[in-house]
Amino acid sequence: MVSVPRWVLFSSGCAPVLLIAGWVIAASLEGPAYDPVTQTISVLAAYGAAGSWVMTGALLALGACHLLTAWGLRVAATAGRVALAGGGVAALVVAMLPAPSSGGSLRHGSVAAVGFALLALWPMLAAVGGRAVPWALRPAASAAATALMVVGAVWFLVETHRHGVAGLAERVVTVLQSLWPFVVVTSCLRRAGDGGEPPAGQAD
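Owing to the predicted nature of the structure, the values given are computational and were not obtained by experimental measurement.

Trainee: For this particular structure, what's the right way to read the overall build of the protein chain?
Mentor: When its secondary structure is counted, the protein chain shows seven helices and zero strands. Taken from the N to the C terminus, the helices and strands of the protein chain come in the order α-α-α-α-α-α-α. Summarising its shape, the C-alpha atoms of the protein chain cover approximately 55 × 30 × 25 Å along the three principal directions. When burial is assessed residue by residue, the protein chain has 47% of its 204 residues classed as buried. By sequence separation, contacts in the protein chain at least 24 residues apart represent 72% of the contacts at least 6 residues apart. Of the accessible surface of the protein chain, which amounts to about 9,600 Å², a share of 72% is contributed by carbon and sulfur atoms. Taking the average place of the 10 positive charges on the side chains of the protein chain and the average place of its 7 negative ones, the gap between the two points comes to 9 Å.

Trainee: Even after reading the chapter, I still don't get the pattern of salt bridges, so can you show me in this structure?
Mentor: Pairing between side chains of opposite charge can happen when the charged atoms of each approach one another. In the structure shown here, the tally under the stated rule is one salt bridge. Across the pair Glu159 and Arg162 runs a salt bridge whose closest N-O atoms are separated by 2.7 Å. The exposure class assigned to Arg162 is exposed, which follows from its relative accessible area of 53%.

Trainee: Help me understand the nonpolar core in this model?
Mentor: Soluble globular proteins tend to bury their nonpolar side chains together. If you look at the biggest cluster of nonpolar residues, it comprises 24 residues, and the most contacted ones within it are Val4, Leu73, Trp122, Leu137, Trp180, Val184 and Cys188. At the level of secondary structure, the elements contributing two or more residues to this core comprise helix H4 (78-96), helix H5 (106-125), helix H6 (139-161) and helix H7 (166-193). What Leu137 contacts, discounting residues up to four positions off in sequence, is Val75, Ala76, Ala126, Ala127, Val128, Ser142, Val184 and Cys188. If you look at the next biggest cluster of nonpolar residues, it comprises 21 residues, including Cys14, Tyr34, Met55 and Ala95.

Trainee: Got a minute to help me understand H6 in this structure?
Mentor: Since the α-helix turns once every 3.6 residues, residues separated by three or four places project in the same direction. For H6, with 23 residues, the first-to-last C-alpha span of 33 Å sits near the 33 Å given by 1.5 Å per residue. All of the buried residues along H6 are Ala141, Ser142, Ala145, Thr146, Met149, Gly152, Ala153, Phe156 and Glu159. Just downstream of H6, His163 is the residue with a positive phi angle, here 55 degrees.

Trainee: Got a minute to help me understand the confidence of the model for the protein chain in this structure?
Mentor: When pLDDT is averaged across the protein chain, the result is 90; 91% of the residues are at 70 or more. Here residues 196-204 scores under 50 on pLDDT; set against residues more than four positions off or in separate chains, the count is 18 contacts.

Trainee: I tried to follow the packing of aromatic side chains on my own but got confused; where do I start?
Mentor: Aromatic rings in a pair are described by how distant their centres are and how their planes are angled relative to each other. Tallying each qualifying case throughout the model produces three aromatic pairs. A ring pair is formed by Phe116 and Phe156, whose centres lie 5.8 Å apart and whose planes are at 15 degrees; its orientation type is stacked. Taken together, the positions of Phe116 in helix H5 and Phe156 in helix H6 put the pair 40 residues apart, joining distant regions of the chain. When sorted by exposure, Phe116 lands in the same class as Phe156, which is buried.

Trainee: What exactly am I supposed to notice about the packing of H4 against H5 here?
Mentor: Geometry of a packed helix pair, given as the angle between the helix axes and the separation of the axes. Between H4 and H5, the least distance of the axes is 8 Å, while the angle of their chain directions is 155 degrees. It follows that H4 is roughly antiparallel to H5 by the angle criterion. H4 and H5 meet at a crossing whose hand is left-handed. Within the contact between the two elements, H4 uses Ala79, Gly80, Ala83, Leu84, Gly86, Gly87, Ala90, Val93 and Val94 and H5 uses His108, Val111, Ala112, Gly115, Leu118, Leu119, Trp122 and Leu125. Here the residues of the contact of H4 with H5 are counted per class, giving 12 nonpolar, five polar and no charged.

Trainee: Is there a simple way to explain the packing of helix H1 (residues 7-30) against helix H3 (residues 52-72) in this structure?
Mentor: Between H1 and H3, the shortest axis-to-axis distance is 8 Å and the interhelical angle comes to 165 degrees. Put simply, H1 runs roughly antiparallel to H3. Helix-helix and strand crossings are classified by hand; for H1 and H3 the assignment is left-handed. In terms of residue class, the contact of H1 with H3 is made up of 20 nonpolar, six polar and no charged.

The rules we used
- Residues numbered from 1 in each chain as written.
- Predicted model: local features only at pLDDT ≥ 70, side-chain atom pairs only at ≥ 80, totals over all residues.
- Heavy atoms only, no water.
- Helix = DSSP H or I, 4+ residues; strand = E, 2+ residues; numbered from the N terminus.
- Buried < 20%, exposed > 50% of the residue type's maximum accessible area, 1.4 Å probe, protein only.
- Contact = heavy atoms within 4.5 Å.
- Areas by Shrake-Rupley, 256 points an atom, 1.4 Å probe, with all protein chains shown as cover.
- Lys, Arg positive; Asp, Glu negative; His and termini not counted.
- Charge placed at Lys NZ, Arg CZ, Asp CG, Glu CD.
- Salt bridge = Lys/Arg side-chain N within 4 Å of Asp/Glu carboxyl O.
- Core = buried A, V, L, I, M, F, W, Y, C linked by side-chain atoms within 4.5 Å.
- Expected span 1.5 Å × (residues − 1).
- pLDDT = per-residue confidence, 0-100.
- Phe/Tyr/Trp six-rings, centres within 6.5 Å; stacked < 30°, edge-to-face > 60°.
- Axes fitted to C-alpha atoms, helices over the stretch in contact; angles between N-to-C directions.
- Parallel < 35°, antiparallel > 145°, perpendicular 65-115°, else oblique.
- Left-handed = near helix turned anticlockwise from the far one by under 90°.
- Nonpolar A, V, L, I, M, F, W, Y, C, P; charged D, E, K, R; others polar.

Given below as structure tokens:
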């Protein structure tokens, strides 16, 4: 019995693709004045940015993908699914609360921080015990994913404080966070294809 609908492979796979495409296209519209190594993604979605409509659309699509994936990923623990959905909601709110063209925004920054935290914690919260569990939902793999994302988030904060390569650090973290749901879904579908059974109480 397949515990994860195959359409979740599409929603989870689209998340990193749409995010990366969004910032690449938005940066090209912004021109050489934008430095993706030192400047954050929020700059691309800020009021008055040439590619703000592209980056805003990418963030909205990212949030929708996370919500759909959380809904369909029934084999994961409920707490993890809720955290992933919360990260999706945060992405939607961030898109609707763009940063100003100059300076910071407490609302934007706060929502972004909450989203980072939820997407970093969801792998560990989604972990399920048992021998039949897909490898990406096992406690060790889930804890390693969360640890990697937390380290990346700390790196981003350090680079932001020292005005260093904040843009690069943010991109590394967001790619990891947007890619992990796809990794989890792939492992679940592969496990189902190998004849593995979903953990008891997790199939419905």
